[in-house]
Number of protein chains: 2
Amino acid sequence: MANPKPLQTGRVGRRSILLGVATTIAAGSVAQRAQAQMAGDPLASWNDGPAKQAVLAFVQATTSDQASKSFVAPEDRIATFDQDGTLWVEHPGYGQAMFALDRVHALALQHPEWQSQEPFKSVLSNDPAALAKFTESDWLTIAGATLAGMTEQEFGKIVTHWIESAKHPRFKRRYTELVYQPMLEVMNLLRANGFRIYIVTGGGQDFVRAYAQRVYGIPPEQIIGSSLVTRYELKGDKPELMRLPKLFFNSDNDGKAIGINMFIGKRPYASIGNSNGDREMLEWTGAGSGVRLKMLVYHDDAAREYAYGPAGGLPDTKVGTFPQSLMDEAKARSWTVISMKNDWKHIFAFE
Amino acid sequence: MANPKPLQTGRVGRRSILLGVATTIAAGSVAQRAQAQMAGDPLASWNDGPAKQAVLAFVQATTSDQASKSFVAPEDRIATFDQDGTLWVEHPGYGQAMFALDRVHALALQHPEWQSQEPFKSVLSNDPAALAKFTESDWLTIAGATLAGMTEQEFGKIVTHWIESAKHPRFKRRYTELVYQPMLEVMNLLRANGFRIYIVTGGGQDFVRAYAQRVYGIPPEQIIGSSLVTRYELKGDKPELMRLPKLFFNSDNDGKAIGINMFIGKRPYASIGNSNGDREMLEWTGAGSGVRLKMLVYHDDAAREYAYGPAGGLPDTKVGTFPQSLMDEAKARSWTVISMKNDWKHIFAFE
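Conventions we followed
Residues numbered from 1 in each chain as written. Chains lettered and ligands numbered in written order. Predicted model: local features only at pLDDT ≥ 70, side-chain atom pairs only at ≥ 80, totals over all residues. Heavy atoms only, no water. Contact = heavy atoms within 4.5 Å. Buried area = accessible area lost by both parts, 1.4 Å probe. Salt bridge = Lys/Arg side-chain N within 4 Å of Asp/Glu carboxyl O. Polar contact = N/O pair within 3.5 Å; in protein donor to acceptor, adjacent residues only side chain to side chain. Helix = DSSP H or I, 4+ residues; strand = E, 2+ residues; numbered from the N terminus. Phe/Tyr/Trp six-rings, centres within 6.5 Å; stacked < 30°, edge-to-face > 60°. Buried < 20%, exposed > 50% of the residue type's maximum accessible area, 1.4 Å probe, protein only. Pairing = 2+ DSSP bridges. Axes fitted to C-alpha atoms, helices over the stretch in contact; angles between N-to-C directions.

Visitor: What is the right way to read the interface of chain B and chain A from this model?
Guide: Interfaces are often sized by the accessible area lost when the parts come together. Contacts between chain B and chain A engage 35 residues on the former and 35 residues on the latter. When chain B packs against chain A, the two sides together hide about 3200 Å² of surface, and 58% of this comes from carbon and sulfur. When residues of chain B are sorted by the area they lose upon contact with chain A, Glu221, Tyr232 and Phe248 of chain B head the list and together hold 21% of the total. Linking chain B with chain A are 4 salt bridges. Arginine 196 of chain B serves as the salt-bridge partner of glutamate 221 of chain A, at 2.8 Å between the closest nitrogen and oxygen. Across the contact surface, chain B and chain A share 20 residue pairs in polar contact (both at pLDDT 80 or more). When residues of the side of chain B that touches chain A are traced back to their parent elements, those giving at least two are strand S2 (196-204), helix H9 (205-216), strand S3 (223-235), strand S4 (238-249), helix H10 (254-263) and helix H11 (279-286) of chain B.

Visitor: I would appreciate a short explanation of the packing of aromatic side chains in the present structure.
Guide: Geometry of an aromatic ring pair is reported as the spacing of the ring centres plus the angle between the planes. Per the counting criterion, the structure on display carries 42 aromatic pairs over all chains. Centroid distance tyrosine 180 of chain B to phenylalanine 348 of chain B: 6.1 Å. Interplanar angle 40°. Geometry classified as tilted. Of this pair, tyrosine 180 of chain B sits in the loop between helix H7 (152-163) and helix H8 (181-192) while phenylalanine 348 of chain B sits in the segment after helix H13 (340-343), and the two are 168 residues apart along the sequence. An aromatic cluster of three or more residues is present, and its members are Trp46, Phe171, Tyr180, Tyr306, Trp344, Phe348 and Phe350 of chain A.

Visitor: In this structure, what is going on with the pattern of salt bridges? I would like to understand it.
Guide: Pairs can form between side chains of opposite charge once their charged atoms are near each other. Summed over all chains, the structure comprises 31 salt bridges over all chains. The residue lysine 52 of chain A makes a salt bridge to aspartate 41 of chain A at a minimum N-O spacing of 2.7 Å. Here aspartate 41 of chain A lies in the loop between helix H1 (29-39) and helix H2 (50-63) and lysine 52 of chain A lies in helix H2, a separation of 11 residues in the sequence. For lysine 52 of chain A, a relative accessible area of 5% puts it in the buried group. Salt-bridge contacts for arginine 243 of chain A lead to aspartate 206 of chain A; the nearest nitrogen and oxygen are separated by 3.0 Å. Of this pair, arginine 243 of chain A sits in strand S4 (residues 238-249) while aspartate 206 of chain A is found in helix H9 (residues 205-209), placing the two residues 37 residues apart along the sequence. Assigned by exposure class, arginine 243 of chain A and aspartate 206 of chain A land together as buried. One connected set of salt bridges, linked through shared partners, spans Asp76, Arg196 and Lys266 of chain A together with Glu221 of chain B.

Visitor: Which parts of the structure should I look at to understand the sheet that holds strand S6 (residues 293-298) of chain B?
Guide: Two orientations exist for strands paired in a sheet by backbone hydrogen bonds: parallel and antiparallel. Residue and element names in this part refer to chain B. Taking strand neighbours across the sheet as the criterion, the 7 strands line up as S4-S3-S2-S1-S5-S6-S7 in an open arrangement whose pairing is mixed. Bordering the open sheet on either side are S4 and strand S7 (336-339), each of which pairs with just one other strand. Each strand axis lies, on average, 30° off the axis of its neighbour in the sheet, ignoring direction. Here strand S1 (residues 78-81) pairs with strand S5 (residues 270-273) via 3 bridges, running parallel. The residue bridging alanine 79 from the neighbouring strand is alanine 270, located in S5. Here H7 sits on the sheet and contacts S3 and S4; the angle it forms with S4, its principal contact strand, is near 70°.

Remember that the coordinates give geometry; whether it matters functionally is a separate question.
Take a look at the structure:
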């Protein structure tokens, strides 16, 4: 990968979180847990309260009575979930950002010039203060050097290897162990009632595809995410898709509504997110007729996970920002805000 | 729609056939016909021969024996079909081009300046010689004036109205009546054997979505096609997606392989096309392991439909070009070429 170029931003001018996604559950366990839950309380990790009730009422309203006005035909049962901060831990950095930083270390031997060249120098010297100050341009340089310059197939293998070995700095567990058990229960409940679940992530589509089937039971064709321009090349007789250091689609903010329209062409009946980047997805979902589930996960549990906001006086953050304006809109539009602290009995399966 | 701007081409430099798609079968009839066919010969409109045998052998190899090396797991049974010239008539112009020309007439009263302004003037004066000489830039101007400047919802309504009323100039039937009965049989056979069918069209994704469910039984999330940039707008409280006169994705040529990777993330086991624009889709499909079906429809029946090539000495055409180099590649890679004249007993359901 000679001369890595900085990743160029594409059509959408907003901040890209292509560097954004990462999750651990043993293979096969999704289905087993689903069976166990169906036997008793399908939302066993949820405390009783308005959030749990909102999910149960939604499923009841849309699937139980074919004669009801709120009944939804099986082919239209679409639910869209954000990933980072909604399905798994996004602090201290989006999973894909953590992956990219690890890749800089892994590729450093091939790039001796990085020892004296920013932003690589700061990454290689493990300088958290410098990392916290990285600009969008710094992240794009890192993305260009770590996410592009290989075929789609090669990239998938690199991500798979990383996800099977990398550990979260605080929890000392694989990222895929840091998925939220209550959200897996919601996904299983929706699936058991005929919903098709899509992930709509600001992170990389191909990054999430590398593990979403195993971790969430969600196949590649139901992963919508940010993507790079790819170039079709014949190597000998064999075609390959080369990943270029140029953003093609930014699946964040307005890009989430645009991506849902482009990839699905149907309006979801349920959407769950956790940050400013999910605002348009929830607006788009809520604009449909009938009963729609719109929820935001609110990270207010510093003891078991993280607390960041700044709504409600929580610490500010660039990763998974939940500003007061989003809290105000949630209230005005009657979106359900899930308090991790109060609504979730367990956060992780390993607790 | 004041000041329509010409459609701008996007990232892929090749000729766009966004102006490209159009099809008639009574609602509900797809399922009925499917049932009828399953009872007897599933490919009743096909003459016995290598093309028919290729389809039957493929289905047999991939679905009949779970212990076989060529067996394909149900979740991986993906088939991709081009639309124009593969599923329905594409001459004298792609369906979406015919739609755009009709729209110029429909919008002419709101645009008195078009009477003296090319390319609109030639369209309004019904000058086939001038139309035949239209450049790519002329078509993009027409596309910008007729496909953009409204919301996604509004566009869907306009297409639906057109498809229900417009008639093909030669056959004097609705475009949706001009689907190829033998291809409907292949789709039904594949579906009956657990394949999910995607349309991968160089034409407009939203154009095809407006009728694909009714005509082919294919839902919006299984339509991959060219698309415009859309802009997310809040009108009052309500979000809309506005169609802008700028190409976002060109789903033709290499764009077909790129689109399959982006929208599905799995390699198809069967791909059927009919022109140069389908070359990369068939290459991409053929590069997978196991048994794969790769077919090209060859329009060699001037009496019942059209004959154009120029492979095999047929007349040259800009619409659905099938050059000698494609015929050579088909031979070299063992793709099956379907002769409409020899392989199809019936072309249309109304025969």
